[in-house]
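Reading the structure
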Amino acid sequence: MAEYWNAYLANGQKTEHILERGKAIPQGLYHLVVECILVHTDGSILFMQRDGKKASYPHYYEATTGGSALLGESSETAILREIAEETGIHLQTDQLIHYHHFVAHDDQCIFDLFWAKVDSKKDTITLQDGETSDFVWVAPADLPNFLETQLVIPRQKSYIEQLFLEKE
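Summary of the structure given here. (Residues numbered from 1 in each chain as written. Predicted model: local features only at pLDDT ≥ 70, side-chain atom pairs only at ≥ 80, totals over all residues. Heavy atoms only, no water.)

Observations regarding the pattern of salt bridges
- Under the definition given, this model contains 9 salt bridges.
- For K54, the salt bridge is made with E131, and the minimal N-O distance between the two is 2.9 Å. Note that K54 is positioned in the loop between β4 (45-50) and β5 (61-62) and E131 in the loop between β8 (109-118) and β9 (132-138), a separation of 77 residues in sequence.
- The salt bridge partner of E82 is R81, with a shortest N-O separation of 3.3 Å.
- For R81, a relative accessible area of 19% gives the class buried.
- Via salt bridges that share partners, E73, R81, E82 and E85 belong to a single interconnected network. (Salt bridge = Lys/Arg side-chain N within 4 Å of Asp/Glu carboxyl O. Helix = DSSP H or I, 4+ residues; strand = E, 2+ residues; numbered from the N terminus. Buried < 20%, exposed > 50% of the residue type's maximum accessible area, 1.4 Å probe, protein only.)

In structure tokens form, the structure reads like this:
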């Protein structure tokens, strides 16, 4: 089944164009990608392990859940859907904290990044077939060693370091 996205200008303005996953994005247009770091009320951070069949970063840990916003979705609607699909956790918009927005010109993506505090049972995470193969909650004290010894997507590793380790 085809997946469709809204097309945006680099400044975030939505255009009339509709994009289709897998087809070239016209020059000057971008699609919206959302990601969210989930932090348990005890301070531990959820890392999802990417499925071994994924084209990019197979078996790597992701510090975020997320993906592309579908046609008609806002950043918030898209990230709530992605969190539910990838973890089974259902959050409300008011639980999302927006912390970063950037344009990846080379990838023709506009990123909206969030984090959220969750109080769900840690062993009830559901994996998404073809997307994730495992998960781990990493306690704050174990975070430096985890980032040092495990395969973590580099861009996300730097977010985690900035948000949770670089305390002055």
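That shown, we press on.
Some details on the packing of aromatic side chains
- One pass over the structure, following the stated rule, counts 6 aromatic pairs.
- With a centroid separation of 5.2 Å and 65 degrees between ring planes, the pair formed by Y61 and F146 is classed as edge-to-face. Taken together, the residues span a long stretch of sequence, with Y61 in strand β5 and F146 in helix α2 (residues 143-149) at a distance of 85 residues. As far as burial versus exposure is concerned, Y61 and F146 are alike and both buried.
- One aromatic cluster in this structure is built from F47, Y61 and F146. (Phe/Tyr/Trp six-rings, centres within 6.5 Å; stacked < 30°, edge-to-face > 60°.)

Some remarks on the pairing of β4
- The buried fraction of β4 is high, at 6 of 6 residues.
- The alternating pattern of β4 places I45, F47 and Q49 on one face and L46, M48 and R50 on the opposite face, and all of these are buried.
- Pairing of β4 with β9 involves 6 bridges; the strand directions are antiparallel. Along β9, the bridge assignment pairs R50 with T132.
- Of the pairings in the sheet, the one linking β4 to β5 comprises 2 bridges and is antiparallel in character. What sits directly across from M48, in β5, is E62. (Pairing = 2+ DSSP bridges.)

Some points on the environment of F47
- Looking at where F47 falls in the secondary structure, it is placed in strand β4.
- As a C-alpha pair, F47 and H17 span 30 residues in sequence and 35 Å in three-dimensional space.
- Discounting residues that sit within four places of it in the chain, F47 has contacts with Y61, E62, A63, D134, F135, V136, V138, L143, F146, L147, V152 and I160. (Contact = heavy atoms within 4.5 Å.)

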